[in-house]
Amino acid sequence: MDTLQAIYQRRSIKGFDPNHKLTPEEEGKLLEAMIQAPTSFNIQHWRFVILRDPELREKIRKELGNDQAQMTDASLLILFTADMKAWQKAPERYWQNAPKEVADLLVGWMGPFHEGREWLQRDEAQRSIGMAMQTLMLGAKAMGYDSCPMIGFDIEKVAELIHLPADHVMGPMVAIGKKFKEPWPKPGQLPLSELVIENRF
């Protein structure tokens, strides 16, 4: 499947086959593809919490997740988080394969760009989460699987449940698996004329 096909065929699936499992090889391939997503300064501050424990998934679904069946029925359930302070944590490792002059330049910029701008640190973390999520969902579609991004859960209580570090931010979950039933028809896209602005509002 080419990229444009994956984009147009990707849908948010609510019904997954609960008996289907991804093979370890498929999961590894999908996760390796996901981390090809871009991040600012190549910081790679995503932290992907793979929710495997059936009891944990059931608890999130029934008590904290508005009884969304895909939380328990999907083959793979990933909770997206990001380390907002990753720019401080041995940043030279993000540029270890670059020429020294490039690495020194980018690592040197990283601190002044982020320092004292907590709003920006949070925004960058969420932007990176979004790009990784889309990469994951398109990768899954290209591999013949479907997905569903979800934010309909109690963020604070799930954060407590997974022991989310204080310097991390919570993002959505994505369920991946084998489609059990067809999605609803597409609800409709706004026309480009309403969405695209030339130069200025």
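Just so you know, these numbers come straight off a predicted model, no measurement behind them.

### Looking at the UniProt feature "domain: Nitroreductase" (unreviewed entry) in the chain
The feature "domain: Nitroreductase" (unreviewed entry), as annotated in UniProt, sits at residues 7-178 in this numbering. Split by type, residues 7-178 is 44% helix and 16% strand. Its first and last C-alpha atoms lie 17 Å apart.

### Focus on the sheet that holds strand 4 (residues 168-177)
As summarised here, the arrangement of the four strands in space is 1-2-4-3, forming an open sheet in which the pairing is antiparallel. Only two strands of the sheet have a single neighbouring strand rather than two, namely strand 1 (46-50) and strand 3 (146-150). Looking at each pair of strands side by side, their axes are set apart by 25 degrees on average, direction ignored. Sheet analysis places strand 3 next to strand 4, joined by five bridges and oriented antiparallel. Its bridge partner lying in strand 4, Ser 147 is registered against Ile 176.

### Notes on the nonpolar core
Judged by nonpolar contacts, the single largest core of 21 residues is most densely connected at Leu 30, Phe 80, Leu 136, Val 174 and Ile 176. When residues of this core are traced back to their parent elements, those giving at least two are helix 2 (24-34), strand 2 (76-83), helix 6 (118-142) and strand 4. Residue contributions to this core peak at seven residues, all from helix 6. Residues in contact with Phe 80, not counting those within four places in the same chain, are Met 34, Arg 47, Phe 48, Ile 129, Ala 132, Met 133, Leu 136, Val 169, Met 170, Gly 171, Pro 172 and Val 174. Counting residues in hydrophobic clusters, the runner-up holds 18 residues, among them Leu 79, Met 150, Phe 153 and Met 173.

### Some words on the side chain of His 114
Take His 114: it is sitting in helix 5 (residues 100-114). Since its relative accessible area comes to 2%, His 114 is described here as buried. Discounting chain neighbours no more than four positions away, the residues touching His 114 are Phe 41, Ile 43, Trp 87 and Gln 121.

### Brief notes about the environment of Gly 144
By the secondary structure assignment, Gly 144 is in the loop between helix 6 and strand 3. Gly 144 sits eleven residues away from Ile 155 along the chain, and the two C-alpha atoms are 30 Å apart.

### Points about the packing of helix 2 against helix 6
Packing of helix 2 against helix 6 brings their axes to within 8 Å, and their N-to-C directions diverge by 140 degrees. Comparing the axis directions of helix 2 and helix 6 gives the class oblique. Helix 2 and helix 6 meet at a crossing whose hand is right-handed. Residues Leu 30, Ala 33 and Met 34 of helix 2 form the contact with helix 6, whose own contacting residues are Ala 132, Thr 135, Leu 136, Gly 139 and Ala 140. A breakdown of the residues in the contact of helix 2 with helix 6 according to their chemical character gives six nonpolar, two polar and no charged.

### What about the pattern of salt bridges?
All chains considered together, the criterion is met by ten salt bridges. A salt bridge links Lys 100 to Asp 104; the nearest nitrogen and oxygen atoms lie 2.6 Å apart. Here Asp 104 and Lys 100 lie together in helix 5, a separation of four residues that amounts to about one turn. In this structure, Lys 179 engages Glu 182 in a salt bridge whose closest nitrogen and oxygen atoms are separated by 3.3 Å. The class for Lys 179 is partly exposed, based on a relative accessible area of 30%. Each of the salt bridges in this network shares a partner with another, and the network as a whole consists of Arg 61, Lys 62 and Asp 67.

### Looking at helix 2
Residues Glu 27, Leu 30 and Met 34 constitute the buried set of helix 2. What you see down the axis of helix 2 is that its buried residues fit within an arc of 65 degrees, all on one side. Among the exposed residues of helix 2, those pointing more than 90 degrees away from its buried face are Pro 24, Glu 25 and Lys 29.

### What to know about unusual backbone geometry
For Asn 42, which is not a glycine, the phi torsion comes out positive at approximately 60 degrees. Structurally, Asn 42 can be placed in the loop between helix 2 and strand 1. Positive phi outside glycine occurs at His 163, with the angle close to 60 degrees. Relative to the elements of secondary structure, His 163 occurs in the loop between helix 7 (155-161) and strand 4.

Cut-offs used in this document
Residues numbered from 1 in each chain as written. Predicted model: local features only at pLDDT ≥ 70, side-chain atom pairs only at ≥ 80, totals over all residues. Heavy atoms only, no water. UniProt positions renumbered as here; feature names shortened; annotations may be inferred. Helix = DSSP H or I, 4+ residues; strand = E, 2+ residues; numbered from the N terminus. Pairing = 2+ DSSP bridges. Axes fitted to C-alpha atoms, helices over the stretch in contact; angles between N-to-C directions. Core = buried A, V, L, I, M, F, W, Y, C linked by side-chain atoms within 4.5 Å. Buried < 20%, exposed > 50% of the residue type's maximum accessible area, 1.4 Å probe, protein only. Contact = heavy atoms within 4.5 Å. Parallel < 35°, antiparallel > 145°, perpendicular 65-115°, else oblique. Left-handed = near helix turned anticlockwise from the far one by under 90°. Nonpolar A, V, L, I, M, F, W, Y, C, P; charged D, E, K, R; others polar. Salt bridge = Lys/Arg side-chain N within 4 Å of Asp/Glu carboxyl O. Arc of directions from axis to C-beta.

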